[in-house]
Amino acid sequence: MRREVLQSIDLVIRPGEIVLLTGPSGCGKTTLLTLVGALRQVQEGSIEIFGHQLHGASRMARQQLRRRIGMIIQGHNLLRCLTAEENVQMGSDLLIGLSFQERRSQARDWLRAVGLGDHLGKLPHDLSGGQKQRVAIARALAAKPKLLLADEPTASLDSQTGREVVELLKGLATDQGCGVLMVTHDPRILDIADRLLQMEDGRLFAKTA
Amino acid sequence: MLLLTRQPVRLAVALAGISFAGILMFMQLGFRDGLFDASVTVHRLLDADAVLISPRSSSSVSMAGFPRRRLVQAMADPDVVGITPVHWNLLLWRNPQNRSTRSILALGFEPSDPLLIDPVLVTKAQVLTQRGRVLFDDQSRPEFGPVAQWFKQGRIVESEISGKRVRVAGLVSLGTSFGADGNLLASSETFLELLPNTPAGSIEVGLIRLKPGADSVGVIKRLSSALPADVKVLSKQGFIDFEQNYWRSSTSIGFIFTLGAAMGFIVGCVIVYQVLYSDVSDHLPEYATLMAMGYPLSSLLGVVAREGFYLAVFGYLPAYFAGEGLYWLVRSATKLPVAMDVNRALTVFSMILVMCMVSAALAMRRLADADPADIF
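Residues numbered from 1 in each chain as written. Chains lettered and ligands numbered in written order. Predicted model: local features only at pLDDT ≥ 70, side-chain atom pairs only at ≥ 80, totals over all residues. Heavy atoms only, no water.

> Would you mind showing me how to read the overall build of chain A here?
Within chain A, the regular secondary structure consists of six helices and eight strands. In chain A, the succession of α and β elements from N to C terminus is β-α-β-β-α-β-α-α-α-β-α-β-β-β. Within chain A, the proportion of its 209 residues that are buried is 53%. A fraction of 70% describes how many contacts in chain A between residues 6 or more apart in sequence connect residues 24 or more apart. (Helix = DSSP H or I, 4+ residues; strand = E, 2+ residues; numbered from the N terminus. Buried < 20%, exposed > 50% of the residue type's maximum accessible area, 1.4 Å probe, protein only. Contact = heavy atoms within 4.5 Å.)

Structure (structure tokens):
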């Protein structure tokens with residue numbers, strides 16, 4: 001059965017821009033994220049990332065593109081058996097032409113940048129929810145993405161940590177000049193957006209903050 | 001690697017399973033090779049470069065006779081320097097302690113001719129010139145009676161073979177085999193007395209010794225074409241193979257033990273597959289995350305393959321040492337020459353490796369289910 005989930009979507013994200021996407025559940029936000037993130041095959045229409053057309057892109061091409069897209073998701077999905085710094089290193093390992101030492105030290109720098117300098121050797125099991133989310137952010141950023149996709153990064157965090165995480169994200173994204181597309185329901189963080197979008201029944205509307 | 005060590009229980013189960021499979025394979029193959037090896041203990045000791053046997057002979061327990069003149073004819077070849085005609089048959093030995101009888105492999109030869117490589121025998125064989133004297137193998141099974149023990153104590157050990165009285169005049173050390181639980185050496189004269197129905201001039205085995213440096217393959221070929229079809233010319237190795245081949249192909253022993261080893265292999269496969277499969281399933285979201293980050297599927301398959309490889313290596317080590325221990329146990333209990341050899345150690349290792357890699361390959365199919373879009 002085929003059903004049209006997303007309709008008349010026209011969205012451009014510029015480098016360094018933070019776009020927030022809100023909308024009721026089931027309206028297609030996550031579908032849009034997975035499409036933009038090259039996780040799903042585009043069936044109709046056109047998505048262009050870094051100048052590459054995703055419609056009809058091969059599995060290989062999408063996998064290559066994903067290396068340049070950072071993803072932060074609700075269930076952080078850290079690798080349980082790796083320590084915080086090893087998890088972050090999984091991100092920097094995607095960069096080509098760096099020695100193990102360089103990658104390891106980059107991973108440590110990222111963890112310090114997210115304020116986890118004291119928890120380098122801890123397993124995800126021993127970290128709190130906010131800390132895990134910050135590790136996930138560090139991991140996403142360690143791969144030096146040009147586009148960052150975030151799906152409710154603050155959902156499992158209390159308001160203060162949520163705020164901190166988002167501030168951190170904004171700061172780092174601006175430094176790196178990478179575009180951010182963030183899906184959120186959290187009204188407390190709407191103010192960090194450059195642009196606010198509302199989605200309903202697969203249609204996208206601009207919303208003024 | 002870390003995927004394994006962070007779950008010590010699962011790791012222990014996996015390693016125990018692999019080790020068990022490995023031990024099973026070691027034991028089955030060890031028994032098989034040990035039994036095949038054991039079947040030729042005497043063959044190996046023979047002082048010969050080539051051997052004549054009757055084409056009707058099928059194994060050491062059913063040797064047929066051929067005319068002794070064939071061996072003398074072989075002497076005509078310029079490269080042949082010595083021959084030893086040997087009578088070879090199973091005789092019924094009466095246990096001197098409890099009077100029960102049991103088959104024993106008896107070799108009859110001229111005491112002045114060399115029979116075995118062991119030079120000590122030449123002096124020992126001199127006692128056989130007296131009629132009714134035999135040399136007893138001290139490694140024979142205990143069912144033949146405490147012959148070696150009594151002899152060492154200085155007692156006169158006498159027994160009966162086919163109703164004829166014989167006296168043990170010395171001990172030799174040969175070893176038991178498949179077909180023969182014990183061995184006995186006698187002079188041709190004594191031997192013929194014990195088996196009076198042997199046709200005159202008929203022997204079962206002819207040993208041929210060649211000039212040092214002679215081309216044995218060429219000589220064997222020459223002899224084969226020169227001698228009539230009532231004898232078969234074999235190299236010493238050929239004689240050994242002839243015997244082993246009988247046990248391998250004409251009996252179910254080889255099949256049984258190979259099947260046992262195959263069972264071990266399959267059991268191991270199932271265990272490793274279970275462990276790897278559930279491991280992949282448990283970590284599926286993480287694999288999906290890695291794919292979402294842009295890691296190619298092949299690198300994830302590599303992780304599973306490496307997991308399988310580590311399991312193979314670390315499962316093999318305990319299997320190897322347990323195998324050594326069990327071989328020692330078997331040796332001391334059965335006197336079968338079961339020992340670890342490089343060949344078998346490598347065979348079992350490669351089987352374990354194949355087992356783990358096949359299981360890993362099967363478990364990888366689960367990995368194909370990892371859809372990066374599912375992580376949201």
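> What am I meant to see in the overall build of chain B here?
The number of helices and strands found in chain B is 13 helices and eleven strands. Taking contacts inside chain B between residues at least 6 apart in sequence as the whole, the part at least 24 apart equals 79%. With the model as given, the accessible surface of chain B reaches about 16,500 Å², and the carbon-plus-sulfur share is 60%. (Areas by Shrake-Rupley, 256 points an atom, 1.4 Å probe, with all protein chains shown as cover.)

> Would you mind showing me how to read the nonpolar core here?
When a protein is soluble and globular, its nonpolar side chains tend to lie buried together. Residues and elements named next belong to chain B. The biggest cluster of nonpolar side chains holds 53 residues, and the ones touching the most others in it are Leu311, Ile352 and Met355. Of all the elements in the fold, those that place two or more residues in this core are α2 (8-38), α10 (253-282), α11 (284-292), α12 (297-334) and α13 (342-367). Considering every element that reaches this core, the biggest residue donor is α2, with eleven residues. Ile352 has contacts with Ile18, Gly22, Met25, Ala312 and Tyr316, leaving out every residue within four places of it along the chain. (Core = buried A, V, L, I, M, F, W, Y, C linked by side-chain atoms within 4.5 Å.)

> Would you mind going over the confidence of the model for chain A with me for this structure?
Summarising the model, chain A shows a mean pLDDT of 78, and 95% of its residues fall at 70 or more. At the level of individual helices and strands, chain A shows its lowest average pLDDT in strand β8 (residues 203-207) of chain A, which scores 75, and its highest in strand β6 (residues 179-183) of chain A, which scores 84. (pLDDT = per-residue confidence, 0-100.)

> In this structure, what is going on with the interface of chain B and chain A? I would like to understand it.
A common way to express how large an interface is: the accessible area buried when the components associate. On the chain A side, the residues contacting the 21 residues of chain B number 26 residues. Taken together, the connections running from chain B to chain A amount to zero salt bridges. Run the count over chain B and chain A and you get zero residue pairs in polar contact (both at pLDDT 80 or more). When residues in the side of chain B that touches chain A are grouped by element, the largest group, six residues, is from α11(B). Its residues placed into classes, the side of chain B that touches chain A shows 14 nonpolar, three polar and four charged. (Salt bridge = Lys/Arg side-chain N within 4 Å of Asp/Glu carboxyl O. Polar contact = N/O pair within 3.5 Å; in protein donor to acceptor, adjacent residues only side chain to side chain. Nonpolar A, V, L, I, M, F, W, Y, C, P; charged D, E, K, R; others polar.)

> Teacher, can you tell me more about the state of the cysteines here?
Two cysteines whose sulfur atoms are joined by a covalent bond form what is called a disulfide. Residue and element names in this part refer to chain B. Applying the stated criterion across every chain, the model contains zero disulfides over all chains. Of all cysteine sulfurs, the one in Cys269 lies closest to Cys356, which takes part in no disulfide; the gap is 8.1 Å. Of the residues examined, Cys356 reaches a relative accessible area of 0% and is grouped as buried. (Disulfide = S-S within 2.5 Å.)

> Looking at this model, I keep getting lost on the pairing of strand β8 (residues 183-187) of chain B. Mind explaining?
One face of the sheet, then the other: side chains in a regular strand alternate in exactly this way. All names here are of chain B. Of all five residues that make up β8, five are buried, and the element is covered over most of its length. A two-sided burial pattern is seen for β8, the buried positions comprising Asn183, Leu185 and Ser187 on one face and Leu184 and Ala186 on the other. When strand β4 (residues 101-109) meets β8, the two strands line up parallel, connected through five bridges. Each residue of the ladder has a partner; that of Leu105, found in β8, is Asn183. Taken together, the three bridges between strand β5 (residues 133-137) and β8 define a ladder with antiparallel strand orientation. Residue pairing across strands places Phe136 opposite Leu184, the latter belonging to β8. (Pairing = 2+ DSSP bridges.)

> So what exactly am I meant to see when it comes to the packing of aromatic side chains here?
Each aromatic ring pair is characterised by the separation of its centres together with the angle its planes make. All names here are of chain B. Scanning the model with the defined rule gives 13 aromatic pairs over all chains in all. Taken together, a centroid distance of 6.0 Å and an interplanar angle of 45° make the contact between Phe31 and Phe257 tilted. Highlighted residues: Phe31 in helix α2 and Phe257 in helix α10, separated in sequence by 226 residues. Taking the relative accessible area as the measure of exposure, Phe31 reaches 26% and is therefore partly exposed. (Phe/Tyr/Trp six-rings, centres within 6.5 Å; stacked < 30°, edge-to-face > 60°.)

> Is there a simple way to explain the packing of α10(B) against α12(B) in this structure?
Two numbers describe a pair of packed helices, the interaxial angle and the distance between the axes. Residue and element names in this part refer to chain B. Between α10 and α12, the shortest axis-to-axis distance is 11 Å and the interhelical angle comes to 140°. For the element pair α10 and α12, the recorded crossing hand is right-handed. Across the interface between the two elements, Val272, Leu276, Asp279 and Val280 from α10 touch Val304, Glu307, Gly308 and Leu311 from α12. Residue composition of the contact of α10 with α12, by class: five nonpolar, one polar and two charged. (Axes fitted to C-alpha atoms, helices over the stretch in contact; angles between N-to-C directions. Left-handed = near helix turned anticlockwise from the far one by under 90°.)

> Sorry if this is basic, but what is going on with a nonpolar patch on the surface here?
A cluster of nonpolar side chains, namely Phe255(B), Ile256(B), Leu259(B) and Met263(B), defines an oily patch on the protein surface of about 430 Å² accessible area. Tracing the chain through its elements places Ile256(B) in helix α10. (Patch = residues over 30% accessible without salt bridge, like charges linked within 9 Å, V, L, I, M, F, W, Y side chains within 5 Å.)

> I tried to follow the environment of Pro15(A) on my own but got confused; where do I start?
By secondary structure assignment, the location of Pro15(A) is in the segment before β1 (18-22). Once the C-alpha coordinates of Pro15(A) and Leu147(A) are considered, the two residues, 132 residues apart in sequence, prove to be 7.6 Å apart.

> Quick question: what am I supposed to make of helix α2 (residues 59-66) of chain A here?
Of all the positions in α2(A), only Arg62(A), Gln63(A), Leu65(A) and Arg66(A) are classed as buried. Seen along its axis, α2(A) keeps its buried residues to an arc of 160°; they face one direction. Looking at the buried residues of α2(A), the elements they touch are β2 (48-49), β3 (52-53) and β4 (69-72) of chain A together with α11 of chain B. (Arc of directions from axis to C-beta.)

> Teacher, can you tell me more about the pairing of β4(A) here?
Residue and element names in this part refer to chain A. Here β4 shows two buried faces, one formed by Ile69 and Met71 and the other by Gly70 and Ile72. Pairing of β4 with strand β5 (residues 147-151) involves four bridges; the strand directions are parallel. Looking at the pairing, Ile72 lines up with Ala150 of β5.

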